[in-house]
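Listed here are the chains, written in short residue letters.
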Amino acid sequence: MSLLSRAFSTAATHELAGLVTALLAHQGNASPTLPSSPRRVPARFPTGPTGLGTAAARIAPAAEPPRTQPVRPASSGPVPPLYCPPAVRDDPALAKEVNDRLVSWAAGVGIYQGRSDELRATDFGRLLMLTHPDTDDPDRLLAAAKCGLAEWAADDHYCDDESAGADPRALGPRLCVANAAVDPAHLPLRYAPELERAMRADPVLTALRSALDHIARYAAPAQLGRLAHEISGLFAGFNAEAGWRTAERVPPVWEYLVNRQCNSFLPMVTLVDAVGGYEVPAAEYYAPRVRRAFSMACTAATLVNDLYSMARESAGPGLEFNLPTVIATEEKCALEEAVRRSVLVHDELVHTFEAEAAVLAADGSPELRRFLAGTWAWLGGNREWHSTTPRYNAA
């Protein structure tokens, strides 16, 4: 089956784009000169209802009850243009260095056994190079790449790839133990050796522990706790999707988007400051407005994955879940139209993050300003990688 065509981004030109440039140009300066006041609300700030799913809701809601059977993807045609910033940099040599080290590490911990060539071609190292333009240290990028790949391995080995042992009936207990690899479980002495044997016997658990050990060289305790929290949410999202699959139920769009907020790139994007060598104060990171803006950006990044991964996932057995398929099922529209509506949802999230981040940057600490700029840069690098990686694109 042919893969989705490459989506070409619409350049985003709000003040936040200038903020990214200013902050990345002053990495050693705690207080770079900011672009002209971002306090005013931009003209393209969304009007009417905002938030997850409201863009699709404003487009002719279905007049009939949702279908009980899912729409099976065929060809949706080209993805419409996405509102997204461009990638800040492209350094092929740095990407290759990170990728080579990552493939070697994956072989050492045992994930993706026999698939090293496929993993190398996926070029996960390039994703990290593109999404973290405020460092050119390959070891910092490798530490973040290990975390991301270990999370993806949990998805592939536990949820999606039956040839690698995925079994939805066993997913809950496996993820509970996996969470103990991320946020260590502390057992009585009699039982601790059994947990240790289980950790060493499972390549995914080995990968998670190894990745967390590496990122701990660069992340402060609060950043590590934040990462563990976000991975726990990711695992909850894996469980929910397994529930839909075993029940052969396609969720309504609102429920799918709730899941996509936690089952997202949040654990990867939360490392923006740790990789960059600074720390956003916890009081700011968890402030409701910051959390709202940041979560929406991460959901948007994940919807890019939904759009690019559709064809790859549709080739597998059983139900597959992505926003276009869920919209097509609920609203009884053609998949091509569902893709268009999904792009509108993505674009609304990015517009809202852009506007909210501009206001938050004006009032926040230098670290928060840099973090928001880094998140913006992450969005651009993420879209660039998805549009080029062989994982989702035909040669």
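Note that the structure is a prediction, hence the values are computed from the model and not measured. (Residues numbered from 1 in each chain as written. Predicted model: local features only at pLDDT ≥ 70, side-chain atom pairs only at ≥ 80, totals over all residues. Heavy atoms only, no water.)

J.: Describe the packing of helix α7 (residues 171–182) against helix α10 (residues 221–247), and please don't skip the residues or the numbers.
T.: One way to put it is that α7 packs onto α10 with a least axis distance of 10 Å and a crossing angle of 175 degrees. Of the possible angle classes, the one that applies to α7 and α10 is roughly antiparallel. On α10, the residues touching Leu-171, Gly-172, Leu-175, Ala-178, Asn-179 and Val-182 of α7 are Ala-228, Ile-231, Ser-232, Phe-235, Phe-238, Asn-239 and Ala-242. When its residues are assigned to classes, the contact of α7 with α10 shows nine nonpolar, four polar and no charged. (Axes fitted to C-alpha atoms, helices over the stretch in contact; angles between N-to-C directions. Helix = DSSP H or I, 4+ residues; strand = E, 2+ residues; numbered from the N terminus. Parallel < 35°, antiparallel > 145°, perpendicular 65-115°, else oblique. Contact = heavy atoms within 4.5 Å. Nonpolar A, V, L, I, M, F, W, Y, C, P; charged D, E, K, R; others polar.)

J.: Explain the nonpolar core to me, using residue names and the numbers behind them.
T.: Nonpolar side chains tend toward joint burial in soluble globular proteins. Counting 110 residues, the largest nonpolar core has Trp-105, Ile-111, Phe-124, Leu-149 and Tyr-158 as the members making the most contacts within it. Not counting residues within four places of it along the chain, the set of residues in contact with Leu-149 comprises Leu-102, Trp-105, Ala-106, Ile-111, Tyr-112, Leu-119 and Phe-124. (Core = buried A, V, L, I, M, F, W, Y, C linked by side-chain atoms within 4.5 Å. Buried < 20%, exposed > 50% of the residue type's maximum accessible area, 1.4 Å probe, protein only.)

J.: Before we move on, can you summarise the packing of aromatic side chains with the specific residues and values?
T.: Considering all chains together, one arrives at 13 aromatic pairs under this definition. Considering the side-chain rings of Trp-152 and Trp-385, the 5.9 Å spacing of their centres and the 70 degrees angle between planes classify their relative orientation as edge-to-face. Placement of the pair is Trp-152 in helix α6 (residues 138–160) and Trp-385 in helix α18 (residues 366–386), with a sequence separation of 233 residues. Its relative accessible area of 1% is what places Trp-385 among the buried residues. Each ring, one from Phe-294 and one from Phe-371, has its centre 5.2 Å from the other, and the planes form 50 degrees; the classification is tilted. (Phe/Tyr/Trp six-rings, centres within 6.5 Å; stacked < 30°, edge-to-face > 60°.)

J.: Would you mind going over the environment of Ala-143 in detail, with residue names and values included?
T.: When you line up the elements, Ala-143 lands in helix α6. Judged by its relative accessible area of 0%, Ala-143 falls in the buried class. Considered as a pair, Ala-143 and Ala-216 are 73 residues apart in the sequence and their alpha carbons are 8.7 Å apart. Not counting the four nearest positions on each side in its chain, Ala-143 is found in contact with His-214, Ile-215 and Tyr-218.

J.: Talk me through the confidence of the model for the protein; I want residue IDs and the actual numbers.
T.: Per-residue confidence for the protein gives a mean pLDDT of 82, with 77% of residues at or over 70. Considering only residues more than four positions removed or in separate chains, one finds that residues 1–15, a stretch of pLDDT under 50, has 63 contacts. Low pLDDT, under 50, characterises residues 23–76; the predicted model gives this stretch 108 contacts beyond four residues in sequence or across chains. (pLDDT = per-residue confidence, 0-100.)

J.: Explain the packing of helix α11 (residues 253–262) against helix α16 (residues 323–331) residue by residue, including any values.
T.: Between α11 and α16, the least distance of the axes is 9 Å, while the angle of their chain directions is 165 degrees. In terms of orientation, α11 and α16 fall into the roughly antiparallel class. In the packing of α11 onto α16, the handedness of the crossing is right-handed. Counted together, Val-253, Tyr-256 and Leu-257 of α11 and Leu-323, Val-326, Ile-327 and Glu-330 of α16 form the full contact between these two elements. (Left-handed = near helix turned anticlockwise from the far one by under 90°.)

J.: Which residues make up the side chain of Arg-89, and what values do they have?
T.: Position of Arg-89 among the secondary structure elements: in the loop between β2 (82–83) and α3 (92–109). Asp-91 provides the closest opposite charge to the buried, salt-bridge-free Arg-89, at an N-O distance of 5.3 Å. A polar atom in the side chain of Arg-89 sits 3.1 Å from the backbone oxygen of His-132. There is a polar contact of 2.8 Å between the side chain of Arg-89 and the backbone oxygen of Thr-135. Beyond its immediate sequence surroundings of up to four residues, Arg-89 is in contact with Leu-94, Met-129, Leu-130, His-132, Pro-133, Thr-135, Asp-136 and Leu-141. (Lys, Arg positive; Asp, Glu negative; His and termini not counted. Salt bridge = Lys/Arg side-chain N within 4 Å of Asp/Glu carboxyl O. Polar contact = N/O pair within 3.5 Å; in protein donor to acceptor, adjacent residues only side chain to side chain.)

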